[in-house]
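Each chain, letter by letter, is given below.
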Amino acid sequence: MKPARDYIIFPLDVPTLEEAKPYIECLSDCVGMFKLGLELFIRSGPEAIKTIKSNGNTGIFLDLKLHDIPETVKRAVKVLADLDVTFTTVHCGESINMLESAVKGAEGRVGILGVTVLTSVSKKDIIDAGFNDRFSSDLTGLVMKRAETAQKAGCAGVVCSGLEAGVIKNKFGNNFLAVTPGIRPAWDKTAKDDQQRIMTPAQAIKNGADYLVIGRPIRDSNDPREAALKIAEEINEANK
Ligand code: C5P
């Protein structure tokens, strides 16, 4: 069993490296990975990666959520793989070709995670987007369909809500990773925000999640380090 801290992925959802640095410094030894999204990457991506690496052996999840024609995605992933990061993301989208191209571009140097259905998406959003009843009445069906495509394309795993982690691990096997955002500890005060399909860290771990993306409950707490350590404790308990 991996150490509890290695389950935690902390998103550096801030606009500048100056704002990210205090989090990198205080969390490097209590989270397993830092997630870099577009907000920070656009301004200072490669420099932020250097800073994370010089602060310890924390992994990097470059969450760019690519979605383009297959050739463009392949070429982007090829360049991105030079940054020596653990994971990046590609939307599962409409066709398997884009995911396959991402995997080809990665050449085994970075793990490709397929984004299934964002945890901020509700059933109503799916209806409004024109999906038929089969998918809008139960989002799990859509998540599973997209996860199946991701596995066929050779992805390392998917990003999904903790609610789906269990069925995904059951159906696609233990080696296919379930990375779950939308995590809200019971003590968290930011519970009422844009995340729709949420779970506590313990629930997600019990459901088989391999990694938990936990942002605001850590970032917005009075003591981010203490919040991360408290979550790690909860993960330990859930793994007993
Ligand atoms: O815990 P919190 O809601 O603050 O986490 C937000 C982070 O989770 C953002 O970086 C967002 O990109 C990420 N996220 C994700 N996939 C989703 C939903 C959120 O990677 N389906």
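Preceding this paragraph is the structure being described.
What you see is a predicted model; the values in this text were computed from it and never measured. (Residues numbered from 1 in each chain as written. Predicted model: local features only at pLDDT ≥ 70, side-chain atom pairs only at ≥ 80, totals over all residues. Heavy atoms only, no water.)

Which parts of the structure should I look at to understand the state of the cysteines?
Disulfide: a covalent bond connecting the sulfur atoms of a pair of cysteines. Enumeration over the complete set of coordinates arrives at zero disulfides. Of all cysteine sulfurs in the structure, the one in Cys92 sits closest to Cys155, which takes part in no disulfide; the separation is 6.5 Å. Cys155 gets classed as buried once you look at its relative accessible area, which sits at 7%. There is no disulfide at Cys160, and the cysteine sulfur nearest it, in Cys92, is 10 Å away. (Disulfide = S-S within 2.5 Å. Buried < 20%, exposed > 50% of the residue type's maximum accessible area, 1.4 Å probe, protein only.)

Even after reading the chapter, I still don't get unusual backbone geometry, so can you show me in this structure?
Despite not being glycine, Asp84 shows a phi value in the positive range, around 60°. Assignment of secondary structure puts Asp84 in the loop between helix H3 (70-81) and strand S4 (87-91). Asp84 sits in the exposed class, given a relative accessible area of 52%. (Helix = DSSP H or I, 4+ residues; strand = E, 2+ residues; numbered from the N terminus.)

Where do I start with helix H11 (residues 224-239) in this structure?
Under the 1.5 Å per step criterion, the end-to-end length of H11 is 23 Å for 16 residues, consistent within 8% with the ideal 22 Å. For H11, the complete set of buried residues consists of Pro224, Ala227, Ala228, Ile231, Ala232, Ile235 and Ala238. With its buried residues spanning 140° around the axis, H11 presents them on a single face. Of the exposed residues in H11, those oriented more than 90 degrees away from the buried face are Glu226, Glu233 and Glu237. Where H11 is buried, its residues meet strand S1 (8-11), helix H1 (17-27), helix H9 (201-206), strand S8 (211-213) and helix H10 (216-219). (Expected span 1.5 Å × (residues − 1). Arc of directions from axis to C-beta. Contact = heavy atoms within 4.5 Å.)

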